[in-house]
Every structure is written in structure tokens, then in C-alpha cells.
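The lines below spell out each chain.
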Amino acid sequence: MNSLSKLLSIVENIYDQMKRGEIPEIKLTTRTKQNIEFKESSEVWVYGDKKSVRSAKSVKGAYQLLRMVYVIGFLKEQLSQNRSSTLRELYYISENWGIAKFNEQMESDRLIEDLEILTGLQRESFNVRPEEDGATVFGDIKIREKTRRGERVIHCQDDVGEAGYQIPTNVDNIEFLECNADFVIAIETGGMRDRLVENGFDEDYNAIIVHLKGQPARSTRRLLRRLNTELGLPVVVFTDGDPWSYRIYASVAYGSIKSAHLSEYLATPSAMFVGIRPSDILKYKLPSDKLTDEDIKALNAILSDPRFDSDFWRREIKLQLELGRKSEQQALAKYGLSFVTDVYLPERLTELGILKR
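Residues numbered from 1 in each chain as written. Predicted model: local features only at pLDDT ≥ 70, side-chain atom pairs only at ≥ 80, totals over all residues. Heavy atoms only, no water.

Novice: Break down the pattern of salt bridges for me, with residues and values.
Specialist: Scanning the entire structure with this criterion turns up 20 salt bridges. The residue Glu113 makes a salt bridge to Arg31 at a minimum N-O spacing of 3.5 Å. Separated by 82 residues along the polypeptide, Glu113 in helix α4 (residues 105-119) and Arg31 in the loop between β1 (25-29) and β2 (36-39) bring together distant segments of the chain. Summarising the burial analysis for this pair, Glu113 and Arg31 share the class buried. For Arg195, the salt bridge identified is with Glu198, shortest N-O distance 3.2 Å. A residue pair is termed a helical-turn pair when its members lie 3 or 4 positions apart in one helix, as Arg195 and Glu198 do in helix α5 (residues 190-198) at three residues. Owing to a relative accessible area of 60%, Glu198 belongs among the exposed residues under this scheme. (Salt bridge = Lys/Arg side-chain N within 4 Å of Asp/Glu carboxyl O. Helix = DSSP H or I, 4+ residues; strand = E, 2+ residues; numbered from the N terminus. Buried < 20%, exposed > 50% of the residue type's maximum accessible area, 1.4 Å probe, protein only.)

Rendered as C-alpha cells:
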């Protein structure tokens, strides 16, 4: 069954229920941290068996089903014409749908996720793509990329600017031709990415530097997984020391809660954390900021998140709550612009066995 057939089967099911005189409904996997479980075979976190019901018995449920039918109608037309749209465009297109229009983009984004779960497909199969993300790769790796104008070969160190090679929406269109790197370091901020490139970290330590650009897009996470599984490169994640940054690491290593249906495709379970730890604030006497009420709430939520159920994370999170402080990657500049590449990262990577003593 192709993408269009799977989408239309959802509408057909709603129609058949109405034809039988029933109030239409659909059952969807519940997308909460209480419904994720560890899958031993693939070592990633996936959704469990809990389901929620979208039913036209309520006004809210009826609106959700109506919007789903409208979206499927739009996607049917888009697929038939072999055209594509961004998530943002889909949201604005709904302005023409009368009472079925979305109130905010979060609603339309979530509905696309619903369709992914119901069909077992990815949004790219519906010709829906995100906005340009801008995440980049820099290092000693040569790739072949398929584009609309044909194929092109790129060395991600020699043939790119200082920012690196921009990761495309569909990473599966990339073929790895040659790689001389020993590991991958995924970095949260652009400023720290620039620091590592300027300091020659990629050359000194045979590293591929990937800029996550905050919470990483699916394409970035897919690339990290491919580099790990296909080339056998260890992946480490370097972030700030706050709850939002820990979640960035979790989305790379464990899979995100909102896209747990794609964890086996996107997550890199062997990815290691080299980011700023609460204990680093004490060890290196780092400049730090006071935790906000939202920070504290997020840290307490992490303590009940099964993805962080380990002695390391419980110890570090509890310490951070006691300290009441958070710190950024750039705080390491207290000791000079080369400290992060000459001391901090080599020490941490040696501890993890990435660099040999």
C-alpha cells in the first residue's frame, strides 16, 4: 500500500463508521513519557500500547477529525501533483478551510505526527518538509549528494566554508564516500561550533563537528545515526548545563517523546554526553546563572523521565537542584579561548574512551 492509499484508508474508515450510523472516532498512540518504553532489540525508547481516542462525540474531537480529513485532502492533491510543502505552509493553507482552519502551527504539526503514527510513514512520504534548519557538518568526510540538478560530491572540510556543509532535509539522499574521522561531536550552539573549527579541533582530534542548532531537527538526528551505524563512528553530544540542553542530548541518544514512533530511525543509543555537568560548575568554578522556576520544574520532570533513569543523571540533576545554578558551554572561556579544545574536551573524551591516553 503506497502513501496515498494509506492516507485515504483513514478517511475511508471514518466514512464507513458514519455510513453504519456510528459516531466516528480514531485511536491514536498516547504520546507522553508515561507511554514510552525501552526496546531491548534496538536499544531505543519507543511508544507503548496505551491509546487515546479522538471522537466526534465532543466538539473538540469533531474539529480534530474534520481537520484531519482536510489535511488528507490537501496531501492527496499534493501527492497527485508531485508537489511539496513545508509545515509552515500547511498551517497557512488552512486559512482557507473555514471552521477547519488551525489556530496555531503547533496544531497542524501535531496532526502531521498523528498521520505518521496512523500510517507508519514519515512526513516526507507525504511530501511535507520542515523549514530550512541550517544545521551543518564540518570534518574529514566526503559525500555524494543527490539534488534536483543531479549528483554532486562534497568534502565537508575542503569544499565548504567555516560553517560547514548544510544538512539537507532528506539525509538518506547522501552517500558516504570516504571518511577519515575517528568520532563525531554534536554541538548545541553555533558559537561553540565556531570555536572548535577556529581552534582546529576537527584536525587535531580527527573529529566530525555537527552543529545541532539547538533542539536538533530530524534530519540532523538521522545523520548522526547513520554516521554511527554505517561508519561505526562514536557520537558525543556537547551541550550547555541546563535541563533544556539535557533534553537535546536525550533526543539524540534516546529519541524524543514527540517522535518516539521514529526512534529506531533517528536515535543513536550509544551517543555519550560530554556537555557541561552541574558537577563541572564546582570542579571548574564556572560562571553560572540562577535557575528559574521553569528550570526547576523541568529538572524535576527529568527525574521522573524514564530516559534519564540512571545513577549518573539522578546524581547530577539532584546536585543541580541543590546548587540552584546552571552554566553554558561558553563559560569555559573563563580560562581562555583554547581551554575547551586543549583541556576540557580532551579530558572528558579520554574519560569516555574516545581518545586514548
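Let's pick the thread back up.
Novice: Can you break down the UniProt feature "domain: Topoisomerase 6 subunit A/Spo11 TOPRIM" (unreviewed entry) in the chain residue by residue, with the values?
Specialist: Under the present numbering, the feature "domain: Topoisomerase 6 subunit A/Spo11 TOPRIM" (unreviewed entry) in UniProt falls on residues 183-349. Secondary structure over residues 183-349 splits into 50% helix and 12% strand, and the C-alpha atoms at its two ends are 10 Å apart. (UniProt positions renumbered as here; feature names shortened; annotations may be inferred.)

Novice: Tell me what's going on with the domain arrangement of the chain, and back it up with residues and numbers.
Specialist: Bring the parts together and some accessible area is lost; that lost area is often taken as the interface size. Under the domain assignment, the chain is made up of domain 1 (1-128) and domain 2 (136-352). Measuring from the centre of the C-alpha atoms in domain 1 to the corresponding centre in domain 2 gives 31 Å. Approximately 1,700 Å² of surface area, both sides summed, lies buried where domain 1 meets domain 2, with 57% of it carried by carbon and sulfur atoms. Contact with domain 2 buries surface across domain 1, with Lys33, Trp45 and Gln122 losing the most and accounting together for 36% of the total. Inspection of the region where domain 1 meets domain 2 yields one salt bridge. (Domains from an automatic or database assignment. Buried area = accessible area lost by both parts, 1.4 Å probe.)

Novice: Got a sec to walk through the sheet that holds strand β14 (residues 235-238)? Specific residues and values, please.
Specialist: Spatial strand order, β10-β7-β13-β12-β14-β15: six strands in an open sheet with mixed pairing. Of all strands in the sheet, those with a lone pairing partner are β10 (165-166) and β15 (272-273), marking the two edges. With two bridges joining them, strand β7 (residues 136-138) and strand β13 (residues 207-211) adopt antiparallel strand pairing. Residue pairing for β13: Phe138 is matched across the bridge by Ile209. Sitting on the sheet, helix α13 (residues 339-351) touches β12 (183-187) and β14, and the angle it makes with β14 is about 130°. (Pairing = 2+ DSSP bridges. Contact = heavy atoms within 4.5 Å. Axes fitted to C-alpha atoms, helices over the stretch in contact; angles between N-to-C directions.)

Novice: Before we move on, could you go through the side chain of Arg221 and cite the residues and values that matter?
Specialist: Counting through the fold element by element, Arg221 comes out in helix α7 (residues 218-231). Although buried, Arg221 forms no salt bridge, and the nearest oppositely charged side chain, Glu113, lies 8.3 Å from it. With residues up to four places along the chain from it excluded, the contact list for Arg221 reads Pro216, Ser251, Val252, Ser256, Ser259, Leu266 and Thr268. (Lys, Arg positive; Asp, Glu negative; His and termini not counted.)

Novice: Outline unusual backbone geometry, supporting the account with residue identities and numerical values.
Specialist: Here Asn127, not a glycine, exhibits a phi torsion of approximately 65°, which is positive. Looking at the element boundaries, Asn127 is found in the loop between α4 and β6 (128-129). Phi is positive for Asn206, close to 50°, though the residue is something other than glycine. Tracing the sequence through the fold places Asn206 in the loop between α6 (201-204) and β13. Overall, the relative accessible area of 35% leaves Asn206 in the partly exposed class.

Novice: Could you give an account of the sheet that holds strand β9 (residues 150-155), naming the residues involved and the relevant values?
Specialist: For sheets, the rule is that strands pair by backbone hydrogen bonds, running either parallel or antiparallel. As summarised here, the arrangement of the three strands in space is β9-β8-β11, forming an open sheet in which the pairing is antiparallel. Both outer strands of the open sheet, β9 and β11 (174-179), are each paired with one neighbouring strand and no more. When the angles between neighbouring strand axes are averaged without regard to direction, this sheet yields 20°. Running over the sheet, α7 touches β8 (141-147) and β11 and is turned about 50° from β11.

Novice: So what's going on with the environment of Glu22? Which residues, and what values?
Specialist: By the element assignment, Glu22 lies in the loop between α1 (3-19) and β1. In the structure, Glu22 is positioned 34 residues away from Ala56 in sequence and 9.9 Å away in space, judged by C-alpha atoms. Within the structure, the side chain of Glu22 is placed 3.1 Å from the side chain of Arg20, a separation counted as a polar contact. (Polar contact = N/O pair within 3.5 Å; in protein donor to acceptor, adjacent residues only side chain to side chain.)

Novice: Kindly report on the environment of Leu8, identifying the contributing residues and their values.
Specialist: As for its placement among the helices and strands, Leu8 is situated in helix α1. Residues Leu8 and Leu332, spaced 324 residues apart in sequence, show a C-alpha to C-alpha distance of 54 Å. Among residues more than four places away in sequence, those in contact with Leu8 are Ile72 and Lys76.

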